[in-house]
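Listed below, chain by chain, are the residues.
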Amino acid sequence: MILPFNSLISAEQLKPEIISKIFELTDQMAEMVAKQGRSNLLDDKIVALLFFEPSSRTMLSFQSAAQRLKAGTVFAQSASATSFEKGESIEDLIRVVEGYSDIIVMRHAQPGSAAIAASSCDIPFINAGDGGNEHPTQSIIDAYTIYKHKGRLDNLHVVLGYDSLQSRSIHSLSNLLSQYPNNRLSFIGPPKLFPSDEMLHKLEASGTACEVFDQAVLTKDVDVIYLNRLQEERFSDRQIFEENRLKYRLQRSDIEGSEVLILDPLPRIDEISTDVDSLPNAAYFKQTSYGVPVRMALLSALLNKQL
Ligand code: CP
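One numbering rule holds for all chains: residues counted from 1, following each sequence as written. Only residues with pLDDT of 70 or above have their local features reported here, since the model is predicted, and side-chain atom pairs are shown and tallied only from 80 upward, although totals for entire chains, interfaces and linings are computed over all residues. No hydrogens and no water enter the side-chain calculation; it runs on all heavy atoms of the structure.

Chemist: So what exactly am I meant to see when it comes to the domain arrangement of the protein chain here?
Modeler: It is common to give the size of an interface as the accessible area lost on bringing the parts into contact. Domain segmentation is taken from an automatic or database assignment of domains. Considered domain by domain, the protein chain is made up of domain 1 (7-134 + 289-302) and domain 2 (136-288). Computed from C-alpha atoms alone, the centre-to-centre distance between domain 1 and domain 2 is 24 Å. Only heavy atoms enter the contact rule, under which two residues are in contact if any of them lie within 4.5 Å. Tallying the contact residues gives 32 residues for domain 1 and 29 residues for domain 2. The largest share of the area that domain 1 buries against domain 2 comes from F23, R57 and Y290, three residues that together contribute 28% of it. Here, a salt bridge means any side-chain nitrogen of Lys or Arg that lies within 4 Å of a carboxyl oxygen of Asp or Glu. Taken together, the connections running from domain 1 to domain 2 amount to four salt bridges. A salt bridge links E12 to K202, with the nearest nitrogen and oxygen atoms 2.4 Å apart. Contacts described as polar in this section are N or O atom pairs within 3.5 Å, which, within protein, must combine one atom able to donate a hydrogen with one able to accept it, while residues neighboring in sequence count only if both atoms come from side chains. Where domain 1 meets domain 2, there are 22 residue pairs in polar contact (both at pLDDT 80 or more). Looking at the side of domain 1 that touches domain 2, the elements with two or more residues in it are α1 (16-36), α2 (57-68), β4 (125-130) and α11 (291-302). We call Asp, Glu, Lys and Arg charged. Ala, Val, Leu, Ile, Met, Phe, Trp, Tyr, Cys and Pro are nonpolar, and the rest, Gly among them, are polar. Taken together, the residues of the side of domain 1 that touches domain 2 break down into 14 nonpolar, nine polar and nine charged. Here the quantity called buried area is the accessible surface, traced with a 1.4 Å probe, that two parts lose on coming together, added over both. The numbering of helices and of strands both runs from the N terminus, where a helix is a DSSP run of H or I of at least 4 residues and a strand a run of E of at least 2.

Below, the structure written as structure tokens:
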């Protein structure tokens, strides 16, 4: 096996040696695409793409990754267009899709749905986001971007905001970075959206220094600022979303002249002013471009195929 697991559910699985292997495979995929565009590596495979929550980047980059490797794809988009609408369970659906494909990629609104789905099939499974829980493939893209720009994944001070309670991208990236030594994580945003005590205890138990700040900006001794929108669809109290959405926003004047790396898994809503985009250290569109080679590496590694 190329990776020591059949399915990717959580960034907890992404130990430093696994990340190094995925980065090596990602570089090979990027090189292959630059040279010849496509490869026959997965031409005998079918990838199932099940997206029961909206997605632009994750869905399209998995589709592009599959097509770059000449895999076939089968799709389901939105729960209402499938037999979920009739009350079918995740377990039953996954058992059925296992018969139609060689690997399943799923995004679903229910936290924990990825673990349920992975345990319902024998073929490889990839979590493309399970509600407000985890988004492990996004964390690999984030880590790859940090590594490309900073040359390391340890000894970093990373600021994360503004919805650390509900952002699965923040959860997974924090999880991944906590597996490297001497990282410091500062969570910024409204106190109601600070990380849960459970998340903070877990990060601290791994030796990662964590702090929380009710601020929109923090730049002193910071290597990376990682911002994600307030997760509008996950608020039980809409007033909290409306009160905070414009209070927490990174402005160009906050970081002009600084070398801090600015990342955002996107979509961007209010969290970064558009005039930040032209700064040389605003890397969020570069970050999204890494989605294809990273996901090519993951699909092929979990299918035990290498270029
Ligand atoms: N970053 C990310 O998951 O974007 P999408 O929701 O558009 O897939």
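Next comes the rest of the description.
Chemist: What exactly am I supposed to notice about the packing of aromatic side chains here?
Modeler: Between two aromatic rings, the relevant description is the distance of the centres plus the angle of the planes. Aromatic rings from Phe, Tyr and Trp, taking only the six-membered ring of Trp, are treated as a pair when their centres fall within 6.5 Å; an angle between ring planes under 30 degrees marks them as stacked, one over 60 as edge-to-face, and anything in between as tilted. Summed over the entire model, instances satisfying the criterion amount to seven aromatic pairs. Centroid distance F23 to Y147: 5.6 Å. Interplanar angle 45 degrees. Geometry classified as tilted. You can see F23 sitting in helix α1 and its partner Y147 sitting in helix α5 (residues 136-150), a full 124 residues away along the chain. Exposure categories follow from relative accessible area, calculated using a 1.4 Å probe and restricted to protein chains: below 20% of the type maximum is buried, above 50% is exposed, and the middle band is partly exposed. Given a relative accessible area of 41%, Y147 falls into the partly exposed group. Where F52 meets F84, the ring centres are 4.7 Å apart and the plane angle is 80 degrees; that geometry is what we call edge-to-face. Here the residue F52 occupies a position in the loop between β1 (46-51) and α2, and F84 occupies one in the loop between β2 (72-77) and α3 (90-98), the gap between them amounting to 32 residues. Residue class for F52 comes out buried when judged on its relative accessible area of 9%. By way of ring pairs, the aromatic residues F23, Y144, Y147 and Y290 are connected into one cluster.

Chemist: Just to check I follow, could you spell out the site of the ligand for this structure?
Modeler: Working definition: residue near molecule or strand if any one of its non-hydrogen atoms lies within 4 Å of it. Taken together, S55, S56, R57, T58, R107, H135, Q138, P265 and L266 are the residues near the ligand. For the ligand, an oxygen atom lies 2.6 Å from a polar atom in the side chain of T58. P265 is positioned with one of its backbone polar atoms (N or O) 2.9 Å from a nitrogen atom of the ligand. Counting only domains with at least three residues in the shell around the ligand, you end up with domain 1 (7-134 + 289-302) and domain 2 (136-288).

Chemist: Which parts of the structure should I look at to understand empty space enclosed by the protein?
Modeler: For each structure, a 1 Å grid was placed over the protein atoms alone; sets of points admitting a 1.4 Å probe that cannot get out are labelled cavities, open sets with protein on both sides within 12 Å along at least five of seven lines are labelled pockets, and lining residues have an atom within 4 Å of a point. Grid points are joined across faces, edges and corners, and a volume is the space filled by probe spheres set on the points. As enumerated under the stated definition, the model contains two cavities of 30 Å³ or more in all. Roughly 60 Å³ of internal volume is contained in the largest cavity. Around the largest cavity, the lining residues are R57, S61, Q138, I141, D264, P265, Q287, T288, G291 and R295. Among the elements of the structure, α2, α5, α10 (284-289) and α11 are those that each provide at least two residues to the lining of the largest cavity. A breakdown of the residues in the lining of the largest cavity according to their chemical character gives two nonpolar, five polar and three charged. When residues are assigned to domains, the lining of the largest cavity turns out to be shared by domain 1 (7-134 + 289-302) and domain 2 (136-288), each giving three or more. Together, M1, I2, L3, F5, N6, A301, L302 and N304 line the second largest cavity.

Chemist: Help me understand helix α7 (residues 197-205) in this model?
Modeler: Residues that lie three or four places apart on an α-helix share one face, since the helix turns once every 3.6 residues. Buried within α7 we find M199, L200 and L203. Seen end-on, α7 carries its buried residues on one side only, within an arc spanning 95 degrees. Exposed residues pointing more than 90 degrees away from the buried face of α7 are listed as D197, E198, H201 and A205. Of the surrounding elements, those touching the buried residues of α7 are α6 (168-177), β6 (184-188) and β7 (209-213). In the stretch just after α7, G207 is the one whose phi turns positive, near 95 degrees. Here the arc refers to the directions that run from the helix axis out to each C-beta atom.

Chemist: Would you explain the nonpolar core in this entry?
Modeler: A general tendency of soluble globular proteins is for nonpolar side chains to be buried together. Take the buried Ala, Val, Leu, Ile, Met, Phe, Trp, Tyr and Cys residues and link them wherever side-chain atoms come within 4.5 Å; each set so joined is a nonpolar core. Counting residues in each nonpolar core, the largest one holds 63 residues, and the members touching the most others are L14, V105, I140, F187 and L299. Ranked by the residues each element gives to this core, the list is headed by α11, at eight residues. Split by domain, this core shows at least three residues from each of two domains, domain 1 (7-134 + 289-302) and domain 2 (136-288). Excluding anything up to four places from it in sequence, L14 contacts F5, L8, I19, I22, P136, S139, I140, L176 and Q179. Membership of the second largest hydrophobic core comes to 24 residues, among which are L227, L230, F241 and V260.

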